[in-house]
Amino acid sequence: MPQHKIYMRRCLELAQLGLGNVSPNPMVGAVIVYADKIIGEGYHQKYGEAHAEVNAVNQVINNFSNYAKLLRQSTVYVSLEPCAHYGKTPPCADLIIKHQIPKVVVGCRDPFEQVNGKGIEKLQAAGVEVISGILEEECKWLNRRFFTRVQKHRPYIILKWAQTADGFFAPADSTQLWITGLESRKLVHQWRGEEDAILVGTNTVAIDNPQLNVRYGKGKLPKRIVIDRRLKLSRDLNVFDQSVETLVFNEIKMEFDGKTKYIALEDFDRFVPQYILYQLYLQDIQSVIIEGGAKTLNSFIDAGLWDEARIFTGETVLNNGIKAPEVNGVIADEVLSGTDRLKILYNK
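In short, a report on the structure. (Residues numbered from 1 in each chain as written. Predicted model: local features only at pLDDT ≥ 70, side-chain atom pairs only at ≥ 80, totals over all residues. Heavy atoms only, no water.)

Description of the overall build of the protein
Thought 1: For the protein, the count of helices and strands is eleven helices and 17 strands.
Thought 2: Compactness check: the protein gives a C-alpha radius of gyration of 23 Å against a globular reference of 20 Å for 348 residues, within 12% of the reference.
Thought 3: Per-residue burial over the protein gives 52% buried out of 348 residues.
Thought 4: Considering only contacts in the protein between residues 6 or more positions apart, those separated by 24 or more positions represent 68%.
Thought 5: Surface exposure of the protein reaches about 16,600 Å², of which carbon and sulfur atoms provide 47%.
Thought 6: Measuring between centres, the 42 positive side-chain charges of the protein sit 3 Å from its 41 negative side-chain charges. (Helix = DSSP H or I, 4+ residues; strand = E, 2+ residues; numbered from the N terminus. Rg over C-alpha atoms; globule rule 2.2 N^0.38 Å. Buried < 20%, exposed > 50% of the residue type's maximum accessible area, 1.4 Å probe, protein only. Contact = heavy atoms within 4.5 Å. Areas by Shrake-Rupley, 256 points an atom, 1.4 Å probe, with all protein chains shown as cover. Lys, Arg positive; Asp, Glu negative; His and termini not counted. Charge placed at Lys NZ, Arg CZ, Asp CG, Glu CD.)

What to know about the sheet that holds strand S5 (residues 129-132)
Backbone hydrogen bonds hold the strands of a sheet together, and the pairing may be parallel or antiparallel.
Thought 1: One open sheet accounts for five strands, arranged S2-S1-S3-S4-S5; its pairing is mixed. Looking at which strands have only one partner, the edges of the open sheet turn out to be strand S2 (37-43) and S5. Across the sheet, the axes of successive neighbouring strands diverge by a mean angle of 20°, strand direction being ignored.
Thought 2: Relative to S5, strand S4 (residues 103-108) runs parallel, the two sharing four bridges. Paired with Val-105 across the two strands is Ile-131, which belongs to S5.
Thought 3: Contacts between helix H2 (residues 52-63) and the sheet are confined to strand S1 (29-34), S2 and strand S3 (75-80), with S2 contributing the most and set at about 135° to the helix. (Pairing = 2+ DSSP bridges. Axes fitted to C-alpha atoms, helices over the stretch in contact; angles between N-to-C directions.)

Structure (C-alpha cells):
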C-alpha cells in the first residue's frame, strides 16, 4: 500500500498540470511502473486531446523498443477511473486491454454517468486486476470542480473580494478604491487563468469598467459573465470589447451579438443565482470566480451557492462605507500576499 500511495501522489502532481486547460473534463495523471520503476507517465493536457493514460503509454512506446513486453508486465496508476466510452477520444480502458497491461491502480471512480464504474468493470471483465480507492479523497479533491458540475449540475463557485482593515467593501458612494496591492492583483489574475469564467454585477462593471482578463498573469482568458437586469450598461465598456465570450444575464432579450450572448431570465425576483448557475452548467462552464459587487456576492452567499471564498484584507481604513460580505466556512489557509492578508475558506 505505501508504494501505491507514492505512485498515486505522482499521478496527482501530473494531473495538476492540466489546471485551467482541460475543462469541462477532469484533471488526470497516469504513471506506468515496471519492476518498481516509472517507465512512462502522462497527464491530460488539453480538452479534446489525448487522455493521461494515452500519453503515458505513448511515452513507453517512444522510449523502449521492447515496449510490448514491458507493458505486459507493468502496472498503470491513474488518479481517476479510466474512461469506458467514446467521447472526444477512444476509451482508455480499451487501450489498457489492447496492450495487455495486467494491473491498474485507480485513485477514485469517475462520477460521470457514462463511466462511473464501467471503466473498472470493463477492465476486470478482460482479466485486468484493478485496485481502487488509493488516496481517494485527495483524488476527489483535486477534481472538486468536475465532481461539483457532474453531481450538483452547477459550476464550482469561488467567491473573491477585497475588504478594508475595518471590514468595508467599498466607499459609501461606491466610487472605485484599490484596497489591495500589486502582489494580490497578480495572484487574482493567475486564478482567473485557472477557472472557466468570471462573474460580476452591473455596478461593478459600471463603476470599475474592468477588463476581467489575465494581463498580470498567465493562462487562458476566462469567459465573462455579467448580470445586467435592465441592460443599463454602455456598450463602450471593456466587457463588450468582443475579445472573449461574454454572457449577459438580463430580463429583456435573448440574442447573440458576436461574442456577446444575451441570456434572458424569466424571473429576476427569485432564484436568480440558481437560474444563472443552471444556465452555465448547460454551457459546460465548470468553475466560476465571482468578483463582485457586494450585492452579487451576498446573493450567492444567501442562496448557499458557493464552494470556496478567497478574501483579501488590506491595510486601508474607511471608517464607513459598504460593508463587506460575511461568510461562514472552514478556514483552509491564512497567508500574507504582499502587505495584504488572504484568507481561504471552504463551504462544508
